[in-house]
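Topology and contacts: notes
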Amino acid sequence: MKCIRCKKEAEVELKSHNAAFCRDCFLHFFENQVEKAIKKHSMFSKADKVLVAVSGGKDSLTLWSVLLDLGYNADGLFINLGINNFSEIARSKVEKFAQIRKVKLITVDLVDEGISIPDVKNKTRRPVCSLCGQIKRYYFNMMGLTEGYSVLATGHNLDDEVSRLFSNVLHWKMEYLKDQSPVLPSENGLLKKVKPLYRVTEFDTSAYAFFKDLDFVDIACPFSKGATFTVYKKHLNQIEFSFPGTKIDFYQGFLKKLRPIMTNDENSRKNTCKICGYPTFSDICGVCRLKGYR
Ligand code: SF4
Ligand code: ZN
């Protein structure tokens, strides 16, 4: 199999693009996809201060690495979830990356905040991943705003977006569907959020991280077992295997046909938390409640 760009021996085959690439041309293709996403949705420019949410996993470290290589002004934000060994390994990978690339890394420690993930898991009946997501979003937003960043970038790839869309459609979660987009503008005290990897798949990201020799956490979070998204991804991969291109069609179709006609008003958070000032639906935000404020 030959690289479709330079005709050298190909190392990566991408069935959904009907393409194969040698290593160098694949890296070029990947960076091009990220740059296209950034430009198409006006995510940010070289003048912006971008804060990248880094977990220590392959997607977020790949995103940080690509943005730096493309010349963007990108710092990292790591939330230490306090999940014992897993969080310690994650922290060491992120710190090592920041040190090698000589870039700024901001860290928030949930143990110091009194809401480590194992702690809150024991205190409430809500699914742990939903709590974890809520707490991470809160600190992404707060740190981004207080540290003067114009935009927050996360490492969600096409598989993440498609499984989330699939889940939201299966259960007709209209309020979540309205919020599903590669870019969410800044509004009501919320920082602008972008997903520059939304055009590339989990497979593409793994190949990129491998070719770039990125050192990331390769063990799963102990709380990820049986998570619904993992099951959805498995089934979506089977469909993609039989019908290459289905995932990107499903997601792009949603962005082009459904999202533009969805209104975005009745659920907007009109209040601000009386403890911390975060936008909320009631008088105290979810994170302040977890911290024990009533
Ligand atoms: Fe948080 Fe769940 Fe991800 Fe673990 S698997 S890091 S608990 S969202
Ligand atoms: Zn609050």
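Quick summary incoming for the structure in this document. Remember, predicted model here, so these are calculated numbers, not experimental data. (Residues numbered from 1 in each chain as written. Chains lettered and ligands numbered in written order. Predicted model: local features only at pLDDT ≥ 70, side-chain atom pairs only at ≥ 80, totals over all residues. Heavy atoms only, no water.)

In this section: the side chain of D75. With respect to the secondary-structure elements, D75 resides in strand 4 (residues 73-80). One buried charged side chain, D75, makes no salt bridge at all; its nearest oppositely charged neighbour is K104, positioned 4.9 Å away. Separated by 2.5 Å, the side chains of D75 and Y149 make a polar contact. With sequence-adjacent residues up to four places away left out, D75 is seen in contact with V50, L51, V52, W64, K104 and Y149. (Helix = DSSP H or I, 4+ residues; strand = E, 2+ residues; numbered from the N terminus. Buried < 20%, exposed > 50% of the residue type's maximum accessible area, 1.4 Å probe, protein only. Lys, Arg positive; Asp, Glu negative; His and termini not counted. Salt bridge = Lys/Arg side-chain N within 4 Å of Asp/Glu carboxyl O. Polar contact = N/O pair within 3.5 Å; in protein donor to acceptor, adjacent residues only side chain to side chain. Contact = heavy atoms within 4.5 Å.)

What follows is about the coordination of the zinc ion (ligand 2). On the protein side, the zinc ion (ligand 2) has C273 (SG), C276 (SG), C285 (SG) and C288 (SG) as donor atoms, found 2.2 to 2.3 Å from it. Metal-centred angles of 107 to 113° between the four donor atoms at the zinc ion (ligand 2) mark the site as tetrahedral. Look at where the donors of the zinc ion (ligand 2) fall in the sequence and you get C-x2-C-x8-C-x2-C. Taken individually, C285 and C288 each receive the classification buried, so the pair is uniform in this respect. (Donors = N, O, S within 2.8 Å, 3.2 Å for Na, K, Ca; no water. Tetrahedral: all angles 85-135°; square planar, octahedral: opposite > 155°, others 65-115°.)

Our focus in this paragraph is the pattern of salt bridges. Counted according to the given criterion, the structure contains 19 salt bridges. Note that K39 and E35 form a salt bridge whose closest N and O atoms lie 3.7 Å from each other. Here E35 and K39 lie together in helix 1 (residues 23-40), a separation of four residues that amounts to about one turn. On the basis of relative accessibility, which here comes to 17%, the residue E35 falls in the buried class. Between E147 and K104 there is a salt bridge, and its shortest N-O distance comes to 4.0 Å. One end of the pair, E147, is in the loop between helix 5 (128-146) and strand 6 (151-153); the other, K104, is in the loop between helix 3 (84-101) and strand 5 (105-109), and 43 residues separate them in sequence. Here E147 falls in the partly exposed class, since its relative accessible area comes to 31%. Taken together, the shared-partner salt bridges connect E88, R91, E95 and D109 into one network.

The subject of this paragraph is the site of ligand 1. Around ligand 1 lies a shell formed by L81, C129, C132, K136, C221, F223 and S224. Considering only residue class, the shell around ligand 1 consists of five nonpolar, one polar and one charged. (Near = heavy atom within 4 Å. Nonpolar A, V, L, I, M, F, W, Y, C, P; charged D, E, K, R; others polar.)

Taken as a whole, this structure holds 12 aromatic pairs when the rule is applied. Ring geometry for F26 versus F211: centroids 5.9 Å apart, planes at 75°, classification edge-to-face. Of this pair, F26 sits in helix 1 while F211 sits in helix 8 (residues 202-211), and the two are 185 residues apart along the sequence. Of the two residues examined, F26 and F211, each falls in the buried class. Ring centres of F44 and Y72 lie 5.0 Å apart, and the angle between their planes is 85°; this geometry places the pair in the edge-to-face category. (Phe/Tyr/Trp six-rings, centres within 6.5 Å; stacked < 30°, edge-to-face > 60°.)

Mapped onto the secondary structure, N157 falls in the loop between strand 6 and helix 6 (158-170). In terms of polar contacts, N157 uses its side chain to reach the backbone amide nitrogen of D159, at 3.0 Å. With near-sequence residues (within four places) excluded, N157 lies in contact with D59, L197, Y198, V200, T201, E202 and T205.

A few words now on the nonpolar core. F26, W64 and L67 are the most contacted members of the largest nonpolar core, which totals 89 residues. Setting aside residues no more than four positions away along its own chain, W64 makes contact with V52, V54, A74, D75, G76, V94, F97, A98, V103, K104 and L105. (Core = buried A, V, L, I, M, F, W, Y, C linked by side-chain atoms within 4.5 Å.)

In a regular helix each residue adds 1.5 Å, so 13 residues correspond to 18 Å; helix 10 (residues 246-258) covers 17 Å between its end C-alpha atoms and thus fits that length. Looking only at helix 10, the buried set comprises K247, Y251, Q252, F254 and L255. Viewed along the axis of helix 10, the buried residues span an arc of 150°, placing them on a single side of the element. Opposite its buried face, helix 10 presents the exposed residues D249, K256 and K257, each directed more than 90 degrees away. Buried residues belonging to helix 10 abut helix 6, helix 7 (174-177) and helix 9 (228-242). (Expected span 1.5 Å × (residues − 1). Arc of directions from axis to C-beta.)

All right, on to the pairing of strand 5 then. Here five bridges tie strand 4 to strand 5, and the two strands are oriented parallel to one another. Each residue of the ladder has a partner; that of G76, found in strand 5, is L105. (Pairing = 2+ DSSP bridges.)

Of all five residues in strand 3 (residues 49-53), four are buried; the element is thus mostly enclosed. For the segment spanning strand 3, helix 2 (residues 58-69) and strand 4, crossover handedness is right-handed. (Right-handed = clockwise from strand over helix to strand, strands pointing away.)

A positive phi angle is found at K102, which is not glycine, with a value near 55°. Structurally, the position occupied by K102 is in the loop between helix 3 and strand 5. At W172, a residue that is not glycine, the phi angle is positive and equals roughly 45°. By the element assignment, W172 lies in the loop between helix 6 and helix 7. Assessed through its relative accessible area of 55%, W172 is described here as exposed.

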